[in-house]
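Read off the chains here:
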Number of protein chains: 2
Amino acid sequence: MKKYNDTALSPVERAEALCDELSTEQQAEQLRYDAPAIPQAGLPAYNWWNEGLHGVARAGTATVFPQAIGLAAAFDSDLIRRTAEIISAEARAKYNASQKQGDGDIYKGLTLWSPNINIFRDPRWGRGHETYGEDPYLTARLGVEFVKGLQGEGKHLRTAACAKHFAVHSGPEAIRHEFDAKASPKDMEETYLPAFKALVEEAKVEGVMGAYNRVNGEPACASEFLMGKLREWGFDGYFVSDCWAINDFHAHHKITETPEESAAMALKAGCDINCGSTYLKMMDALEKGLVTPEDIHRSCVRALRTRIRLGQLDKTEYDDIPYSVIACDEHKAVALEAAHKSAVLLKNNGILPLSREKTGTIAVIGPNADSRSALIGNYNGTPDRYITFLEGIQDSFGGRVIYAEGSHLFLDRSQGLAQAGDRLAEAVAAAENSDVIIACVGLDATLEGEEGDTGNQFASGDKNDLYLPLSQQLLLQKLRETGKPMIVVLAAGSSVNIDCDCDALLDMWYPGQYGGRALADIVFGDVSPSGKLPVTFYKDADKLPDFCDYSMAGRTYRYCNDDNVLYPFGFGLTYADIVCTDLSYNDGTVKLTVTNQSNTASEDVVQLYIKGYGEDDIPNHSLCGFARIRLAAHESRDIEIAIPCSAFETVNKCGVRSITGKRFTLYAGICQPDELSQKLSRTRCVKAEIIL
Amino acid sequence: MKKYNDTALSPVERAEALCDELSTEQQAEQLRYDAPAIPQAGLPAYNWWNEGLHGVARAGTATVFPQAIGLAAAFDSDLIRRTAEIISAEARAKYNASQKQGDGDIYKGLTLWSPNINIFRDPRWGRGHETYGEDPYLTARLGVEFVKGLQGEGKHLRTAACAKHFAVHSGPEAIRHEFDAKASPKDMEETYLPAFKALVEEAKVEGVMGAYNRVNGEPACASEFLMGKLREWGFDGYFVSDCWAINDFHAHHKITETPEESAAMALKAGCDINCGSTYLKMMDALEKGLVTPEDIHRSCVRALRTRIRLGQLDKTEYDDIPYSVIACDEHKAVALEAAHKSAVLLKNNGILPLSREKTGTIAVIGPNADSRSALIGNYNGTPDRYITFLEGIQDSFGGRVIYAEGSHLFLDRSQGLAQAGDRLAEAVAAAENSDVIIACVGLDATLEGEEGDTGNQFASGDKNDLYLPLSQQLLLQKLRETGKPMIVVLAAGSSVNIDCDCDALLDMWYPGQYGGRALADIVFGDVSPSGKLPVTFYKDADKLPDFCDYSMAGRTYRYCNDDNVLYPFGFGLTYADIVCTDLSYNDGTVKLTVTNQSNTASEDVVQLYIKGYGEDDIPNHSLCGFARIRLAAHESRDIEIAIPCSAFETVNKCGVRSITGKRFTLYAGICQPDELSQKLSRTRCVKAEIIL
């Protein structure tokens, strides 16, 4: 038996043994994302690039969950873990099927380049909806669960997760290939790095992907600072460049002269796998003395170690996952559950829930009403069944449903010959012929997304402002003028100011394949909404710091002031009226009482925020714990929530983290403790002073 | 009271009276498709351009029926009339609603530029699916009913239909703006003109649209020959140019030097309305002496006469058609009925209908399986509910349905980084995990359509050959290799050779919004298919005459020989076994007996073909009558079908039509009387000799 086949040895020992059988050139080839076969080991060609952000992506049919920002809005550690378990089971089933047919193409492997745990620093960032929002604690908690769900607890990794984009990466998309993000040591430690640290230390994430941008002068894929952090945290997996990011070193960052220098710089820093083509020059770099055979060997061992951990040299406990699990009813039920839990009710004057019996005709209007794109966001799989908002209402409501597109998503007319606003007359007629309007507006991945996506036409994927496209603003205004009751349903992955009066406003994010069914369940009161904003909704982008400014000052609920806040982080209404009382803290554990004062059962999210009073403490308060609860009508219950030691830590200007404060205020509520959320919420926060 | 408001006068008297109040310049402005307001008459601006080929098109939500070629496949005069009645009711409802809001934009008027009654002369023509197929008799019968349905029988026209594109027009799309179609007098009279004649004489079609191409040297929008035919037939409506066709006179046909000359040439020939902008030069043409005020006045009267016939100066019986009729359940039920009747079963080894009970898992595979585009063809409205093939099967089948895209519609891979055939492994896995494959292949309007449509990427809208795109050929081949039973569902608007063995082949055309429900009803035997091919399906385009050759020799079932025929015109199986016997003819009436020899109730289409034996007679035989029938299991019934005198006419080489023959053979059957259909059909034809 070859040593690399000896399952009694550790993966790294086996990887070393296999690597030792390869020539340096063969080892270098294994650092390509599209790695060639290693016939002597029976390993076929392997393409490292696969995606699974909210369902196996780009690989055909899969269960499609809400976009990541929606999963974050659910504030539900258990849900996101189950979601990731399903994603990895479907990825394994697909892998089993395609391997059987000798197809090892892109998007068919076991190395999923998810989750995206960047901090959604600025609401204009087009890729913000791929993240878990603006809060490092929430991002870390959800990211850890997601990674655990993907990787499983078996002998082998079920799939290998990848924490990306390390680090700081958050726009602008248009200049990501040459941009130098300047972040202070304090902001790094306090905001940009905690989630990566948690995923490495707690979740043992198998992969880390470097970002396109530079960080304080160093390209993220070859940053001594960032690589040092990984070592400090005990990272034990593979490091991959973002796609064609190493090419940026010489082509756009201009920090090297040649592809060989770029390849060498990345490899020596610790970037094992090159998504891109720059490592094709590795043997040239070797010849020029820019790298050593040992450099290549080191990364090759790490690459093969991951593949051995995935069981690619062995039989695994996952080899029998059948094809039939893909998009099975059980999986799709979780997608529906996630869509229910992610929906955030931002406004409700009592119109919701609608009575099926008392409503005659509903007009479902808007460019996102019957849009499949608005369900799936980006980095998505293909559902075997979409239920659009319109379809969901139609299926759930016995009366007449009238549909009008109302406006185009972004363009002001159908084509050159038509007048601007060519769909408005129909929308107004539809509204006038109905009892209530459900206006489905928002964005999709063609308006907020990633630079270079062919579909993405708008500011290279970023948003210019926080308003709806003008075509949709005009639509809402015209609809409001009809005087009909209007429920606005927003599908978007970021802070949007609809800037129009309405009776209710429900943010569905990009809710996944069953988004329309989830909407109908909520609209008609079969399910109470319970999601919470994982990002601050601002009034106006112009009052935010410059998009290129990576200081956290004035950004996110922890550092901003209220003037520009439209809806605060953590905000979201239910159909119930749940209050928190009797807060106490003892030795890492918070106790409180939650009481449903209403006749309506609901889930809700208890949020714990802490505030310190030292000079270096965060100016506002920080999330330090949360728990999703379900209460029957008038039920009251005592609950406990653990908060981590780190909640009491202060980060000084040098980026050093330690407990320096003595006095803290702890807040518990189903909202943030600030003025605005008090005003908007029907419930109150409770607070307690803690003296360490 | 102004004379033009005097409803006791005829429309033409009123139009003359109104016209007389306008300056010559104002009259000239009324010849624009986007005519300005006539404030003194209370007439708002009016845009003549609207479409209603198979549902009100491009104007937002509407009931979307099968594409015209599918409506033709139903061989159902009553159905197509009801379809058109619904289209005109919805157009009126939309007109009422938008007029109320002062919106008279494009696609919101009452002048529908439908139907397209060109002869589908060559299966490569991208716009063939807008037509009623290759047979002039069928085209005329269906076109007449469609026009009557659109225009109604009221005091006013409910909407104004438009017979287009006059005449001969049928590709190639790429050269339509400069092409000279050369057609013999015999082919004109025998094939290209009969449907136009019928629509003018029988249906009193209110509009005729000239084609882009030249016809025997004359541009169709200013052809003395064609305009003479209209006069001969007593045409009494308005003539409109195809859009920007008059611009082609100087820009592409090069038969005039300037826009003024083009405008003058068209106007003098009798083209009243200019879709385009060339008539903006009409006053310059007047100044140069190229047209007279009388020329302008004559066309202006005709234009206003149509609008008066539509009731635009009066209250009409249609003013109260409510918005709620649009896409109402009753209308959509007819769309479903039409989809049922249009489906053509081309092959069935007994696998269909599928038993719901005996089938465990169905794999629905293919790029058209979950495609909304494949339902709606082109010149389409927006459904308020699509039911894709996949959705239809899912909704109708209690067991597991597995979906795989299988291949891309046309491209061989998802994107540059993927391998060709990147969806095949998934398709094979889906197939292997199922009991039966429903493979949904074909085209959509991005692959066959109109030159200049932005979506249309393929040979300017035409097809290069009759095969599926290679990506789909490969898919079918791979699926067949799995050995699983395979039902192929074709969505396309033209002759397609799938070139792959299968257990059943069902052509759904572009079946409209409920196409998936119709498919499921047929697949599971709730409805027996009963559509018939309105075009010949050929094996190979290379054996056809040159695409640019407008001689009918070797084209369509009437002139071709069998060698290249894959499925003949008129062919289509049912789940029953219906035979025709006891044929007799007497004085214009055919009598025969139809008997259902099976246990299955079904509709079917009895077809009558006639063959003459003179030197100038059509080489094969010609459809001269048809009747859609419904028979219960084992039911037998005597039926009568009228055939027109013209069935016995012969067209000589000069294009003169007269009865010269004495002896004819009359065939009746649910198929053509040729060798091939005998072989394919389970039923036999019956024939009778007629001596006049």
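Residues numbered from 1 in each chain as written. Chains lettered and ligands numbered in written order. Predicted model: local features only at pLDDT ≥ 70, side-chain atom pairs only at ≥ 80, totals over all residues. Heavy atoms only, no water.

With 53 residues of chain A at the interface, the matching set in chain B holds 53 residues. Between chain A and chain B, roughly 4000 Å² of surface is buried when both sides are summed, and carbon and sulfur atoms account for 41% of that area. When the buried surface of chain A facing chain B is broken down by residue, Tyr323, Arg385 and Leu417 of chain A rank first, second and third, together holding 17% of it. Summed over the shared surface of chain A and chain B, the number is 12 salt bridges. Counting every contact that joins chain A to chain B gives 32 residue pairs in polar contact (both at pLDDT 80 or more). Per element, the largest residue contribution to the side of chain A that touches chain B is seven residues, and it comes from helix α16 (residues 424-432) of chain A. Of the residues in the side of chain A that touches chain B, the class split is 25 nonpolar, 11 polar and 17 charged. (Contact = heavy atoms within 4.5 Å. Buried area = accessible area lost by both parts, 1.4 Å probe. Salt bridge = Lys/Arg side-chain N within 4 Å of Asp/Glu carboxyl O. Polar contact = N/O pair within 3.5 Å; in protein donor to acceptor, adjacent residues only side chain to side chain. Helix = DSSP H or I, 4+ residues; strand = E, 2+ residues; numbered from the N terminus. Nonpolar A, V, L, I, M, F, W, Y, C, P; charged D, E, K, R; others polar.)

Residue and element names in this part refer to chain B. Within helix α10 (residues 259-269) the residues assigned to the buried category are Glu260, Ser262, Ala263, Ala264, Ala266, Leu267 and Ala269. Tucked into the core, α10 has its buried residues touching α8 (224-233), α9 (245-251), α11 (282-287) and α12 (293-309). Looking one or two residues past α10, Gly270 carries a phi angle of roughly 125 degrees, positive in sign. (Buried < 20%, exposed > 50% of the residue type's maximum accessible area, 1.4 Å probe, protein only.)

Per-residue pLDDT for chain A has a mean of 96; in total, 98% of the residues score no lower than 70. Overall fold confidence (pTM) sits at 0.98, and the ipTM for the predicted complex is 0.97. (pLDDT = per-residue confidence, 0-100.)

Residue and element names in this part refer to chain B. If you walk across this open sheet you meet the three strands as β17-β18-β21, and the pairing is antiparallel. Single-partner strands in this sheet number two, and they are β17 (578-586) and β21 (636-642). Neighbour-to-neighbour, the strand axes of this sheet turn through a mean angle of 20 degrees, independent of strand direction. Sheet analysis places strand β18 (residues 589-596) next to β21, joined by seven bridges and oriented antiparallel. Within β21, the residue paired with Thr593 across the bridge is Asp638. (Pairing = 2+ DSSP bridges. Axes fitted to C-alpha atoms, helices over the stretch in contact; angles between N-to-C directions.)

Take the relation of the copies chain A and chain B next. Of the two same-sequence chains, chain A is brought onto chain B (RMSD 0.0 Å, axial shift 0.0 Å) by a rotation of 180 degrees. As the rotation angle and translation indicate, the two copies are arranged about a two-fold axis. Comparing interface residues between copies, 100% of those in chain A also sit at the interface in chain B, which points to an isologous, same-surface contact. (Least-squares fit on C-alpha atoms with pLDDT ≥ 70 in both.)

Enumeration over the complete set of coordinates arrives at 44 aromatic pairs over all chains. Ring centres of Tyr33 of chain B and Trp244 of chain B lie 6.0 Å apart, and the angle between their planes is 65 degrees; on these two criteria the pair is classed as edge-to-face. Of the two residues, Tyr33 of chain B is situated in the loop between α2 (24-29) and β1 (34-35) and Trp244 of chain B in the loop between β8 (238-241) and α9; the sequence distance between them amounts to 211 residues. Judged by relative accessible area, Trp244 of chain B falls into the partly exposed class, the value being 29%. A network of ring pairs unites the aromatic residues Phe75, Tyr137, Tyr557, Phe569, Tyr609 and Phe626 of chain A as a single cluster. Across from the ring centre of Tyr550 of chain B, 3.5 Å away, lies the NZ or CZ of Arg121 of chain B, which sits over that ring. Over the aromatic face of Tyr514 of chain B sits the side chain of Arg517 of chain B, whose NZ or CZ is 4.8 Å from the ring centroid. (Phe/Tyr/Trp six-rings, centres within 6.5 Å; stacked < 30°, edge-to-face > 60°. Lys NZ or Arg CZ within 6 Å of the ring centre and 35° of its normal.)

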